[in-house]
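Report on the structure
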Amino acid sequence: MGSKATLRSTHEKLKPMEIVLNVFGPETSLNQKISVEPETDSLRDVLRALSERTQGPWNRLIRPDLTLEKGCVILVNGRNILSLENLETKIQDGDEITLTVLVTGG
Amino acid sequence: MKGFCGKLLEIDLGSSKTREIAIEDKMVETYLGGRGLGARLLMDMVPAGTDPLSAENVLIFLTGPLTGTMAPGSSKFVVVTKSPLTGGWCDSYSSGRISVELKRAGYDGLVIRGKANHPCYLRIDEKGVEVREANLIWGRDSFETERMLRELEGDRPAGVSSIGPAGEKLCKFACINSDFYRQAGRGGVGAVMGAKNLKAVVVRGSRAISLYDPKRIIELNRQNYQRAKESTVAQARMKYGTPLTLNITHTGGILPTKNFQYGTWQKALEKIDSVGVHQNIVRHKACLYCFTHCSMIVRTKEGRYRGNEVEGPEYETLGMFGSNLLIDDLSAVVQANILCDKLGMDTISAGNVIGFVMECFEKELISPQETDGLEIRFGDSEASLSALEAMAYRRGFGDLMAEGVKALSERIGKGSDRFAMHVKGLEFPAYEPRGAFGAALSYAVSPRGACHRRAWPPAKEILGNYPPYTVEGKAEMVKGLYDENCILHSLLVCDMPAKFIPLAREVYAQYFEAVTGQPISLEELRLMADRIETLIRMFNVREGFSRKDDKLPYRTLNEPLLDGPAKGQFIGEENFNRMLDEYYDLRGWDPNGIPRQETLRKYGL
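Position labels on residues start from 1 in each chain and follow its written sequence. Here chains are named by letter from A upward and ligands by number from 1 upward, in the order in which they appear as written. Under the rules for a predicted model, residues below a pLDDT of 70 receive no local features and side-chain atom pairs below 80 are neither given nor counted, while totals for whole chains, interfaces and linings still include all residues. To get the side-chain values, take all heavy atoms of the structure and skip hydrogens and water.

**Quick notes on the overall build of chain B**
Within chain B one finds 25 helices and 17 strands. Against the 2.2 N^0.38 benchmark of 25 Å for 605 residues, chain B shows a C-alpha radius of gyration of 22 Å, consistent with a compact globule. In chain B, which comprises 605 residues, the share counted as buried stands at 67%. Note on definitions: a residue-residue contact is assigned when non-hydrogen atoms from the two residues lie within 4.5 Å. Restricting the contact set of chain B to residue pairs at least 6 apart, pairs at least 24 apart contribute 70%. Accessibility throughout is a Shrake-Rupley quantity obtained with a 1.4 Å probe, and a residue counts as covered only by protein chains that appear here. When the accessible area of chain B is evaluated, it comes to approximately 19,800 Å², of which 47% is carbon and sulfur surface. For the purpose of counting charges, residues Lys and Arg are taken to be positive, whereas Asp and Glu are taken to be negative. His and the chain ends are not included. Charged groups are reduced to one reference atom each: NZ for lysine, CZ for arginine, CG for aspartic acid, CD for glutamic acid. In chain B, the 78 positive side-chain charges and the 77 negative ones have mean positions that sit 2 Å from each other. Elements are defined by DSSP. Helices are runs of H or I of four residues or more, strands are runs of E of two residues or more, and each kind is numbered from the N terminus. Just to be clear, the radius of gyration here is over C-alpha atoms, and the globule rule we use is 2.2 Å times residues to the power 0.38. Three labels apply to residues, based on accessible area from a 1.4 Å probe with only protein chains included: buried if under 20% of the type maximum, exposed if over 50%, partly exposed otherwise in between.

**Some remarks on helix 2 (residues 34-45) of chain B**
All names here are of chain B. Multiplying one less than the number of residues by 1.5 Å gives the expected span of a helix. In this model helix 2 runs 16 Å from its N-terminal to its C-terminal C-alpha over 12 residues, within 8% of the 16 Å that 1.5 Å per residue would give. Counting buried positions over the 12 residues of helix 2 gives 11, a clear majority of the element. Listing the buried residues of helix 2 in full gives Gly34, Arg35, Gly36, Leu37, Gly38, Ala39, Arg40, Leu41, Leu42, Met43 and Met45.

**Here we look at the pairing of strand 2 (residues 28-36) of chain A**
Residues and elements named next belong to chain A. The pairing of strand 1 (residues 17-24) with strand 2 spans 7 bridges and is antiparallel. What sits directly across from phenylalanine 24, in strand 2, is threonine 28. Here strand 1 folds back onto strand 2, and the loop between the two strands holds 3 residues. Note on pairing: DSSP must find at least two bridges between two strands before they are called paired.

**Observations concerning the nonpolar core**
Of all hydrophobic cores here, the largest spans 201 residues; its most connected members are Ile19 of chain A together with Met345, Ile354, Leu388 and Met401 of chain B. Apart from residues lying up to four places away in sequence, methionine 345 of chain B is in contact with Ala166, Cys171, Phe173, Ala174, Cys175, Cys340, Leu388, Met391 and Ala392 of chain B. To define a nonpolar core, start from buried Ala, Val, Leu, Ile, Met, Phe, Trp, Tyr and Cys residues and group those joined through side-chain atoms within 4.5 Å. If you look at the next biggest cluster of nonpolar residues, it comprises 27 residues, including Leu59, Ile112, Ala116 and Val203 of chain B.

**A few points about the packing of aromatic side chains**
Residue and element names in this part refer to chain B. Here a pair means two rings of Phe, Tyr or Trp (six-membered ring of Trp) with centres within 6.5 Å. Their orientation is stacked below 30 degrees between planes, edge-to-face above 60, and tilted elsewhere. Tallying each qualifying case throughout the model produces 15 aromatic pairs over all chains. Ring centres of tryptophan 89 and phenylalanine 539 lie 6.4 Å apart, and the angle between their planes is 70°; on these two criteria the pair is classed as edge-to-face. In this pair, tryptophan 89 sits in strand 5 (residues 89-95) while phenylalanine 539 sits in helix 22 (residues 522-542), placing the two residues 450 residues apart along the sequence. When the centroid spacing of 5.3 Å and the interplanar angle of 45° are considered together, the rings of tyrosine 315 and tyrosine 431 count as tilted. Taken as a pair, tyrosine 315 in helix 11 (residues 315-322) and tyrosine 431 in the loop between strand 17 (426-427) and helix 17 (437-445) lie far apart in primary sequence, 116 residues in all. On the basis of relative accessibility, which here comes to 0%, the residue tyrosine 431 falls in the buried class. An aromatic cluster is present here, built from Tyr482, Tyr583, Tyr584 and Trp589 joined pairwise through their rings. Only when the NZ atom of a Lys or the CZ atom of an Arg is both within 6 Å of the ring centre and within 35 degrees of the ring normal do we say a charge sits over the ring. Directly above the aromatic system of phenylalanine 4 lies the positively charged group of lysine 103, at a separation of 5.7 Å from the ring centroid. The ring of phenylalanine 419 has lysine 363 lying over it, and the distance from NZ or CZ to the ring centre is 5.2 Å.

**Re the packing of helix 17 of chain B against helix 19 (residues 474-491) of chain B**
Residue and element names in this part refer to chain B. Between helix 17 and helix 19, the least distance of the axes is 9 Å, while the angle of their chain directions is 60°. Classed by the angle they form, the pair helix 17 and helix 19 counts as oblique. In the packing of helix 17 onto helix 19, the handedness of the crossing is right-handed. Contacts from Phe437, Gly438, Leu441, Ser442 and Val445 in helix 17 reach Lys474, Ala475, Met477, Val478 and Tyr482 in helix 19. The residue classification treats Ala, Val, Leu, Ile, Met, Phe, Trp, Tyr, Cys and Pro as nonpolar and Asp, Glu, Lys and Arg as charged. All others, Gly included, are polar. The class makeup of the residues in the contact of helix 17 with helix 19 is 7 nonpolar, 2 polar and 1 charged. To define axes, lines are fitted to C-alpha atoms, for helices over the stretch in contact only, and angles between the resulting N-to-C directions are given on a 0 to 180 degree scale. The scheme is simple: roughly parallel for angles under 35 degrees, roughly antiparallel for over 145, roughly perpendicular for 65 to 115, oblique for anything else. What makes a crossing left-handed is the near helix being turned counterclockwise from the far one by less than a right angle; a clockwise turn instead makes it right-handed.

**Overview of the interface of chain B and chain A**
In this complex, chain B contributes 37 residues to the contact, which on the side of chain A involves 31 residues. Put simply, buried area is the surface a 1.4 Å probe can reach on two separate parts but cannot reach once they are joined, added for both. Sorting the residues of chain B by area buried against chain A places Thr232, Thr251 and Leu463 of chain B first, and these three jointly supply 22% of that buried surface. Each salt bridge in this description consists of a side-chain nitrogen of Lys or Arg and a carboxyl oxygen of Asp or Glu lying within 4 Å of one another. At the surface where chain B touches chain A, the tally comes to 1 salt bridge. Between lysine 239 of chain B and glutamate 27 of chain A there is a salt bridge, and its shortest N-O distance comes to 3.2 Å. Identification of polar contacts relies on pairs of N or O atoms within 3.5 Å, with a donor-acceptor requirement for protein atoms, meaning one able to donate a hydrogen and the other able to accept it, and with residues adjacent in sequence counted only if both atoms are side-chain atoms. Between chain B and chain A we count 10 residue pairs in polar contact (both at pLDDT 80 or more) in total.

**Section: the pattern of salt bridges**
Scanning the entire structure with this criterion turns up 55 salt bridges over all chains. Across the pair arginine 63 of chain A and glutamate 69 of chain A runs a salt bridge, and its minimum N-O distance is 3.5 Å. In this structure arginine 63 of chain A comes out as partly exposed when scored by relative accessible area, which is 33%. The class for glutamate 69 of chain A is partly exposed, based on a relative accessible area of 27%. Here glutamate 144 of chain B makes a salt bridge to arginine 140 of chain B, at a shortest N to O gap of 3.7 Å. For glutamate 144 of chain B, a relative accessible area of 30% puts it in the partly exposed group.

**Observations concerning the sheet that holds strand 12 (residues 198-203) of chain B**
Residue and element names in this part refer to chain B. If you trace the 6 strands from one edge of the open sheet to the other, you get 8-7-12-9-10-11, paired in mixed fashion. Looking at the sheet topology across the chains shown, the edges are occupied by strand 8 (128-133) and strand 11 (182-184). With direction set aside, neighbouring strand axes in the sheet form an average angle of 20°. Summarising the sheet, strand 10 (residues 176-178) and strand 11 pair through 3 bridges and their orientation is antiparallel. Looking at strand 11, one finds that asparagine 177 is bridged to glutamine 183. Sheet contacts for helix 4 (residues 142-153): strand 7 (120-125), strand 9 (159-162), strand 10 and strand 12; angle to strand 9, the most-contacted strand, approximately 150°.

**Looking at the state of the cysteines**
Residues and elements named next belong to chain B. Defined by distance alone, a disulfide is two cysteine sulfur atoms within 2.5 Å. Under the criterion given, the structure shown has 0 disulfides over all chains. Among the cysteines around cysteine 171, which has no disulfide bond, cysteine 175 carries the closest sulfur, lying 9.0 Å off. Cysteine 294 forms no disulfide, and the closest cysteine sulfur to it belongs to cysteine 494, at a distance of 5.9 Å. Note on cysteine 294: relative accessible area 16%, which makes it buried.

**Some thoughts on the sheet that holds strand 13 (residues 281-285) of chain B**
All names here are of chain B. Sheet architecture is open: 3 strands sit in the order 13-14-15, paired in antiparallel fashion. Two strands lie at the open edges of the sheet, namely strand 13 and strand 15 (309-311), each paired on one side alone. For this sheet, the mean inter-axis angle between neighbouring strands, taken without regard to orientation, is 15°. Direction of pairing for strand 13 relative to strand 14 (residues 295-299): antiparallel, over a ladder of 4 bridges. If you follow arginine 283 over to strand 14, its bridge partner there is isoleucine 297. Across the sheet, helix 12 (residues 330-343) is in contact with strand 14 and strand 15; its angle to strand 15 comes to roughly 65°.

What follows is the structure, given as structure tokens:
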């Protein structure tokens, strides 16, 4: 069985999707709508597709190998991916992905 | 012990008698300083059942072991008293030169008893204290008061803390202002000061603060400054300040909107958030003796009140006067901030009270006939600003609003208590607990009422790995955050560098040793935190508090949140009771929230 077969099948079905990207770091950008064509619908592949597609403030928070800079986290639709499925979190068209530093203070 | 002066200055305003109270090393070893020392003192000095606005209440200004030592965030002080808003424990924190000047004058703190028979202010230096007439400054706002008192001091810097008209008029959420834009904001400490007829405290000292190993402190600062420079988090935080928090609370769905009905507000974005505020920053600023410039001066370029200038606005003000009131004009929020600072009111409580009144109008529970013509609707900045003046001077309906949201909802009745957002009488700060269940517990068990500084709501459930809409593990999470902050607030350093550089407790233990010469272990610090939190609980128990007071508004417990990632969420009675049970158990308190005898013995209480 394979995961390969599953992946290929997902890939074949997957259409381009538009995600909404927020970056809260030393440079901040809000509500950036970006169209990506990931291999699968996992956050990992969406981020990969994103990094191939565009440069931006988010590159300061995430490294090319998709590891995060110290003190940075990723939220999907307002939820930290550590309380979801981490990089395997499924992404749908229109989802909001937020890369942020560990903001603090009120 | 090095770092400490070893004594407090006590003055009775009724008799003008002063005395020095020795602070023995044993006291520091048991309670550390700041919050911890304040807990011991308040318990011992205030008789049970004391009216907070009577002469019998005490107002205590305290520093901590690291105050004035050049450790990051070390120009803080805490005001400890019995709160007129809650009738219980109150600790209210502020930056301010007065903290350092008190130590330079030879005192670790100031205890104010009694009530003066006419308006006065205190002038303190190493020679002692003078009680001076305040006729010329009574009635003036905090900015004018501070300016006049600084002029009297000439060129040399002095610490000045004062109240505005709200404190004089005993507005229950009046604050104490320092260095113009810094406030001990929460719990009505300014009203306690006003009730004593005390307009201001001016302190100027010239002694060096004794340090055990100054070279080691410089070395630690060098290391930690380097960490700050390399920290992505610190860079972001110093650039944007606390308005960055609004983007996270909006994203996470815990931004209070329309009196805590909603958890997000799109209209806030690029207007009253990090982006909107950043466009108006004139310069960045650091507090005295801190190497992180995380504050900022803002002058608005657009909007109805454009051109106004403030140090801030901080996130709480943006949340409580912005999204919570549906006001997206930054200049109006800044104007509210300035007015609160000048009049001497807590922006959190003031914004919360106005939001409540707006909802009462929307639900037609009140009409202008019942509010002396004051009509405040969501989004109406002009009426909100008028309401601030009415509250501070207790004019018309403002007189009732100045009692706080709990008393106001009791007076209005008609089920309005369901959306009166407070715990124990202290108004909610700018975080919606239905999108972070731990915040619900944290607000409920806080001894001073709904407090964001003991367990910062987004820390673990929005930014950390705790699932936000469950109660599993939340009691332990909240206790951990409480204890961590208890140590910072007893060492009396600012939370901010600790969180955004970040600096672990080990680093503060290193500073403590360099300052005092006494090594301190993390285990000792943990034990102190447990002891201090239980002692504060005992203070409230003595005043009649128990589980029945650790409660939440109906809205939080039972009404589904209307939008955002947490749409449909509410805490629920069963969930809430489970969190309370688990929290009490972890603390060694019984199911009614009363510390058990063995717990008191364990902590030597």
